[in-house]
Structure formats: C-alpha cells, structure tokens
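What follows is each chain in one-letter form.
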Amino acid sequence: MVLSEAEDLKRYSFEIGAIRPPSEGGSYSLLIRATRNCPWSKCKFCYGTPYNREKFQMRPVEEIKEDIQSVKHIADGITVIAEKLGGMDWAGKVIDPLFLYEKDYGELNENESSNLQSLVNVYNWLYSGGRTVFLQDANSLIMRPSELIEVVRYLKETFPSIERVTSYARSKTLSKRSLEDLKAIRRSGLLRLHVGLESGDDDVLRYVNKGVTAEEQVLGGIKAKEAGFELSEYIMPGLGGKKMSEQHARNTASVLNEIDPDFVRSRPYTPNPLTPLFEEWTSGNFELLSPHGYLREIKMMVEDLKFNGRLCFDHAMNFWRGRDGRPLFRMDYSGYKFPEEKDEVLDLIEEGLKIEESRHVQRIEYLM
Ligand code: SF4
C-alpha cells in the first residue's frame, strides 16, 4: 500500500552531527548541520572530543540547502504515508530497518544508517509539530553573517511551521560580531543561542584554555541579548578544582549578573579520559571537588547571583541526591526562576550538604 513511498524515502539522507543540547532533543528539533566540528577544539576539559577531534569545516551554503531539500522530500513522503495509513503512529511503523531494509539495525551499512537516522529525525520532528530546528555543530555564528542568514531564511521558507531556530555559539565569536550583524541574524529567525561560558574567572578560563576572557564573555553575552537572542549560558561547577573554587564561583556569578541571560545551565565538570585535564587530574595536578565541594561552590555562586533568568540543572551530570534519594534539583529544562526561586535553590543546597557524601554518586568510576 505504501511500498513506493517507503522506497522513495530510502533515497534521501542529510548530514547529522554528533551532539545537540538536551533541551533541543527534548523538543525533537530537526538537526541541520551548518558547520562541521569545533573551530577551537582546545579547551582542556573537552578538547573537541564530542566531535572526535575531527577538523573544523565550513559547509558551502548550497550543500546545506541540499540537506534542507532532502528534509523536505522526507517530510513530504512521511506525510503522504501517514495520510494513507491513517496517522503518524502508523507511519512510524515504516521507519524501521526491518521494514525498509529487511535488516536489523546493527546490520545496516553506512548509507542505510545515515538514511535511517535522517528519517527518524524528521519523523520525530514532524510528530512533535515541526516547530524547532537546531543548527549543528559547535559554533554556527562563525559563518559569514550573510550566509547564516541565507540558511535560516531558506529553512523558514521551506518549512513555514518552524517557530524556533537555535544554535551553539562561542562568546569569542559573539564578541567580535557587530551588533548590526547579530540583529540581522536574529531577524532572519535564529532565536536562541547556547553558549559554553563555563567560567567567568580569567584564571580558570586561562587554565582550561577556553580561548576567551571574562570581558569577552560579558561583551558577547550582552551583545547577544541586545540583538534580541534568547540566551542560554552553560556553566561548569568544579572546573577550577579545589584551588580556584571560590574565585570560579564568585566571578562566574559576577559575569552572569552582567550578561543577565535567559537561562543558566549547570554542567558540573566530569573528567573525560580523552582530554588533557583528565591527565592532570590522574597525575595529581588537578584536585577534583568532593560532592559537597561542588555544592559549596554552587552555593557561593547562587548567593552572588542577581539575574532575572532561570537556573537549570537539566542534565544527569548534576548528580546530587536529596533526602528521598531522588535528584536534589529539578532536572527540567526551565529550572528555577531568579530571583523568585533563589531561596529554594539555596535550601536544596543545604539539604544536599546534610546528606552523607557517599550518597551523592558522581559517575567517574566508569571513566577510569
Ligand atoms: S569550544 Fe566547546 S566544543 Fe570546542 S573544545 Fe571548547 S568546549 Fe569543546
């Protein structure tokens, strides 16, 4: 009944990069790869490992548009199949390696795998309303502004249902872009930026080779806000180790207060074995905080925080447990509104500090 349409779906694939923020996966965003990998790849705690340390590449606009056209073909095909079969749930049965290729997932070759990944991404996106798109990889703002604008416009013209286009961005790049360019990018439809701030302390930033100063972080963040972007800043509690814990907390709060982002998202430092900071830790040159040490550091930061956005613990890396054994903090994407819920966060930290450290299990053992 839908064999020819299903056969047609097998003709289209588009590039999908390695990662996207959890808040984007949660809304089943369509993933469009605007650039490949990270243009910096030197941060000591990350080292571009999410992208396998592969070389950064710009993608020609025409190539990105071809990907968007492939998405269009897949979306149209799935829509026809859903109409014929009586709904999206039935269409979902078609997006299956056994149905499409008569193979188990593990038996698919590279092309078949890429095709299936593309179909699954578009199917989930359509199923959730086709409203959000995330531009991959690590810093789409590095594209020429006119090219980025062209891509975002093309996306919105091709899919009028799109309400939100979002991307990662580096503070350094934001600090260098003119406000006019940022405003033009925002007007084209790019709405939300995810920025890895990690720390607002210059010693910590230098130590981890973040390639940006606190001043540039502030400048980039303020410009992004002024241009009208919804801004998520990612912080990394514990990144200064024991030695720089207090200055990391205080100066991060101070930078965040100046930027006043919409969201601050906590991603506590967890050693990654493929990075230089992991080696410093295992050789005894970097002292990791204890579970209570992380909480005390977050407490110092929260005490100093005077912003009007939301503080979120929306990742399993926020490992602390509450009295009932459940995660100490709510892990939803909207987190705690400041200043209204600041006291609640401080109370939760006190609760966590009363719980024996061994009950807060940070999953490091499996990395060693
Ligand atoms: S800029 Fe981001 S992706 Fe690149 S190395 Fe640093 S933390 Fe990793």
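Refer to the structure printed above.
Residues numbered from 1 in each chain as written. Predicted model: local features only at pLDDT ≥ 70, side-chain atom pairs only at ≥ 80, totals over all residues. Heavy atoms only, no water.

Enquirer: Just to check I follow, could you spell out the sheet that holds strand S7 (residues 230–235) for this structure?
Expert: As a general point, the strands of a sheet are linked pairwise by backbone hydrogen bonds and lie either parallel or antiparallel. The mixed open sheet is built from eight strands, whose spatial order is S1-S4-S5-S6-S7-S8-S9-S10. In this open sheet, the two strands that pair with only one neighbour each are strand S1 (30–33) and strand S10 (336–337). Inspection of the sheet shows strand S8 (residues 263–266) paired to strand S9 (residues 310–312) by three bridges, in the parallel sense. Note that in S9 the partner of Phe263 across the bridge is Arg310. (Pairing = 2+ DSSP bridges. Helix = DSSP H or I, 4+ residues; strand = E, 2+ residues; numbered from the N terminus.)

Enquirer: Please explain the site of the ligand as it appears in this structure.
Expert: In the vicinity of the ligand, the contacting residues are Cys38, Ser41, Lys42, Cys43, Phe45, Cys46, Gly48, Tyr51, Arg170 and Lys210. When its residues are assigned to classes, the shell around the ligand shows five nonpolar, two polar and three charged. (Near = heavy atom within 4 Å. Nonpolar A, V, L, I, M, F, W, Y, C, P; charged D, E, K, R; others polar.)

Enquirer: Please explain the side chain of Asn139 as it appears in this structure.
Expert: When you line up the elements, Asn139 lands in the loop between strand S4 (132–136) and helix H7 (145–158). For Asn139, the residues in contact, after removing those within four places along its chain, are Pro39, Tyr168, Ala169, Arg170 and Thr173. (Contact = heavy atoms within 4.5 Å.)

Enquirer: Sorry, what's going on with the packing of H7 against helix H9 (residues 179–188) here?
Expert: Angle between the axes and distance between the axes are the two parameters that describe a pair of packed helices. Packing of H7 against H9 brings their axes to within 8 Å, and their N-to-C directions diverge by 10 degrees. Between H7 and H9, the angle falls in the class roughly parallel. Along its contact with H7, which presents Pro145, Leu148, Ile149, Val152, Arg153 and Lys156, the element H9 presents Asp181, Ala184, Ile185 and Ser188. For the contact of H7 with H9, the class distribution of residues is six nonpolar, one polar and three charged. (Axes fitted to C-alpha atoms, helices over the stretch in contact; angles between N-to-C directions. Parallel < 35°, antiparallel > 145°, perpendicular 65-115°, else oblique.)

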